[in-house]
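Coordinate inspection notes
Each chain, written out:
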Amino acid sequence: MSIFSNLTAEQFETIGQELDAIRNREMADLGEEDATYIRTLIKRQRRLEIAGRGLLMAGFLPPAWLAGVACLSASKILDNMEIGHNVMHGQYDWMGDPAINSKVFDWDNTCTNTAWKQTHNFEHHTFTNVLDKDHDIGYGILRMSEDQEWEPRFIFNPILAGILATFFQHFVAVQSLKLEDYLIYKTKTKEEVKAEFKPTWKKMRKQLVKDYLLFPALAGPFAPFVFAGNMAANVARNLWSSQVIYNGHFPEEVEQFPESVIENETRGQWYVRQLLGSANFEGGRLMHVMSGNLSFQIEHHLFPDLPAHRYARIAPEVRAICEKHGLPYNTGSFVKQSLSVWKRIFKLSLPNKSKDDSGKGPLNGLRAKVVSLTREPQSETRKAA
Amino acid sequence: MNAMTQTSSRFQQGLTRLLQSRVADILSYPHGVDRYLEVFNPLWSVNEVRAKVEDVRYLTNDSVTLTLRPNHNWEGFIPGQFVQLSVTIDGKRQTRCYSPANSLHRADGCIELTAKVHANGFVSRHLREQLSVGDVVLLSQADGEFALPAQRPEQVLLISGGSGITPVMSMLRTLCDEGFSGPITFLHYANSAADMIYASELEEIARAHDNVTLVRCFNNEGEQGELSGLFSREHLYIAAPEFAQATTFLCGPPPMMAAVEKVWEEDGLAERLHKEQFTLAAPQIESDSAEGEVRFVQSEKMAINNGATLLEQAESAGLTPESGCRMGICHACTCRKTAGEVRDIRTGEITSGEEDIQICISVPVGTVTLDI
């Protein structure tokens, strides 16, 4: 049974206040340190990109090709994760630098800034792990929750998860189109899809022309090496970033919520939902930077617009708050969390074992409790506890 | 030598054209060429004006004079115009307007900005205390209507107060460099001789040029100036009896400007007076009479109208709207007002309904809704 239904209104309130205190303290402290951090990182990423693209021009030499792919992959990962994702969350808007501002920043990825801010910043971060509201639960392709009704197509869950990971940037780019509504559920017309795809295609085209036409063309007769190198870098980035993101919300113990939970949700309840719906993974500094500090997915979901390099510092405090209130703090090694995710992907490719089994999913037990919680906050929940 | 300079400038033109091409645009997509150039040299850019600090001098105890070498994107200025200078302080970009004080004919391609440092002048204090030779700052292109006409006037009267001296200093230096022979009167107001920026250079110019009359007016008692006290009609009769024939350029603090403007208006000469407001008169914060609330739609925040400018109210509500000069010049803060009335603190004009407004110079009159 979910801990969510065992907390009293006062507990939610206290947790909210404790987390708000961390947030306010950190926000008040923003300054030179954060600016220097992001500027230095951007400089490093640009250097890696220049080096990677340069090395690939000599890609007919195997060591140069390998080094080039490594540099360019690292550049794309940094650009998308620690820079792009975080800048587009508005973590650095206070700096007043248009080059590092969520309104204008664009990344080395096929997803447009506008679509990303809609599906990710708004939908995913507001409705985190709320079934039918958070499209990141399976991206419309996968079955990632027991409470998502099984359909025959989900037999291909593991294969589709692999394809999704390989072409992650393109799937993310078209995520806002909700293609399953057109392809499977037929609730959307072709014309609607076409119109919505237009701005995305404009960006996709530029990305594709850059990586697969112009840069290869610059290498003249060695074009195929550059083409292959760029593709390898894009795939490396796709595989890495998708795994980081899967690990943030899909390990087995991470909870999902019914839509009813967001009715009259208080700030404290929102915080707790973020806590229960996210998972961290452990690693060294390099691991944190390369994952855009999404290794601190819990902290990120609590404070999405706080500069991400601060998450490591506040993580012990967040963990202490969880322990104090008996809330789980889901973390583990990268490998452990990844295995847990893939176990879930395989398990959910098949229907739930029995009818009753669906009741074991975190949602059914929760549904009634949450409703009562929002209607008659105190007495009811105390009884439940 | 000449051939070499030609080749190098042709090379630079070619390079610039290449970097501005569509191919360069796609190769550097989506960040743009500038974001890669700056990795090599913070001054390199295909369209931003960035400048290197060549020299920092302290002409008085409360001012700082910067010599800046702009990159090749700088398109020059007309004496009297201003530029927006941006620096980063504690991670945050801050922008202020300053008028170059140098002559248009300065040979080394540098511009000179002088800022007066106010006790709580956040940016000016940074310029004086933190900025050092070799630093790179961001500039805008020059802008502003207050400018020496291309057809030079026959007689010139330059009136300035405090740090308002900079644009008229540029005019004076330019005219002298051009060998201008008409009469120039330079009437300057300062608190004391020690506070006067460019004091010794002005004396030298006046000595070397028969057509230049320097009239210094100090407000503090016991100071040795040609005049003393605040601006008055009498001052004008003594300093520039032929003021009606001259083209006058005025820049100074708001009360002084108002006093000068009054004389020109009374004499029906208003169109011969060119003026530049270099500081905004602080808005009369009428918190008692301020009514209604300010609603920030996109950020879902609301504040009780306290009579300050919308920019200040947005900032105290925890928003970080884009802003720049904070005096209604740069339009960085322009945003959509979807409902309500605002007063322009420069003109007192009240406008209502849906419109784009500059929030740094707009004070809400009753409830206002902003789309930020």
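The rules behind the values
- Residues numbered from 1 in each chain as written.
- Chains lettered and ligands numbered in written order.
- Predicted model: local features only at pLDDT ≥ 70, side-chain atom pairs only at ≥ 80, totals over all residues.
- Core = buried A, V, L, I, M, F, W, Y, C linked by C-beta atoms within 7 Å.
- Buried ≥ 20, exposed ≤ 12 C-beta atoms within 10 Å, placed from the backbone.
- Helix = DSSP H or I, 4+ residues; strand = E, 2+ residues; numbered from the N terminus.
- Contact = placed C-beta atoms within 7 Å.
- Axes fitted to C-alpha atoms, helices over the stretch in contact; angles between N-to-C directions.
- Parallel < 35°, antiparallel > 145°, perpendicular 65-115°, else oblique.
- Nonpolar A, V, L, I, M, F, W, Y, C, P; charged D, E, K, R; others polar.
- Pairing = 2+ DSSP bridges.
- Domains from an automatic or database assignment.

1. Concerning the nonpolar core
Residues and elements named next belong to chain B. Within the largest apolar cluster, 60 residues are counted, with the highest numbers of intra-cluster contacts made by L113, L157, L158, V168, L172, F186 and L187. Ranked by the residues each element gives to this core, the list is headed by helix α5 (residues 165–177), at six residues. Leaving out residues up to four positions away in the same chain, V168 has contacts with L158, S160, F249 and C251.

2. Regarding the packing of helix α1 (residues 9–28) of chain A against helix α10 (residues 267–276) of chain A
Residues and elements named next belong to chain A. Between α1 and α10, whose axes approach to 7 Å, the crossing angle comes to 75 degrees. Taken together, α1 and α10 sit at an angle that is classed as roughly perpendicular. Contacts between α1 and α10 involve F12, E13, I15, G16 and L19 on the former and, on the latter, R267, G268, Q269, Y271 and V272. Taken together, the residues that form the contact of α1 with α10 break down as five nonpolar, three polar and two charged.

3. Concerning the sheet that holds strand β7 (residues 156–161) of chain B
Residue and element names in this part refer to chain B. In spatial order, the strands read β10-β9-β8-β7-β11-β12; together these six strands make up an open sheet with parallel pairing. Each edge of the sheet is formed by a strand with only one pairing partner; in this case those strands are β10 (227–228) and β12 (273–277). As paired elements, β7 and strand β11 (residues 247–252) share five bridges and run parallel to each other. Within the sheet, the bridge partner assigned to V156 lies in β11 and is T247. In this fold helix α6 (residues 199–208) packs onto β8 (184–190) and β9 (212–218), with an angle of close to 145 degrees to the strand it touches most, β9. Running at roughly 165 degrees to β12, helix α8 (residues 254–266) makes contact with β7, β8, β11 and β12 of the sheet.

4. What about the domain arrangement of chain B?
Here chain B is partitioned into domain 1 (11–47), domain 2 (156–277) and domain 3 (293–370). When each unit is reduced to the centre of its C-alpha atoms, the spacing between domain 2 of chain B and domain 3 of chain B is 36 Å.

5. Some details on the pairing of strand β6 (residues 136–139) of chain B
Residue and element names in this part refer to chain B. Across the two faces of β6 the burial differs, with V137 and L139 buried and V136 and L138 not buried at all. Examined bridge by bridge, strand β1 (residues 49–57) and β6 share four bridges and lie antiparallel to one another. By the bridge assignment for β6, K52 is matched with V136. Examined bridge by bridge, strand β3 (residues 83–89) and β6 share two bridges and lie antiparallel to one another. Directly across from L85, in β6, lies its bridge partner L139.

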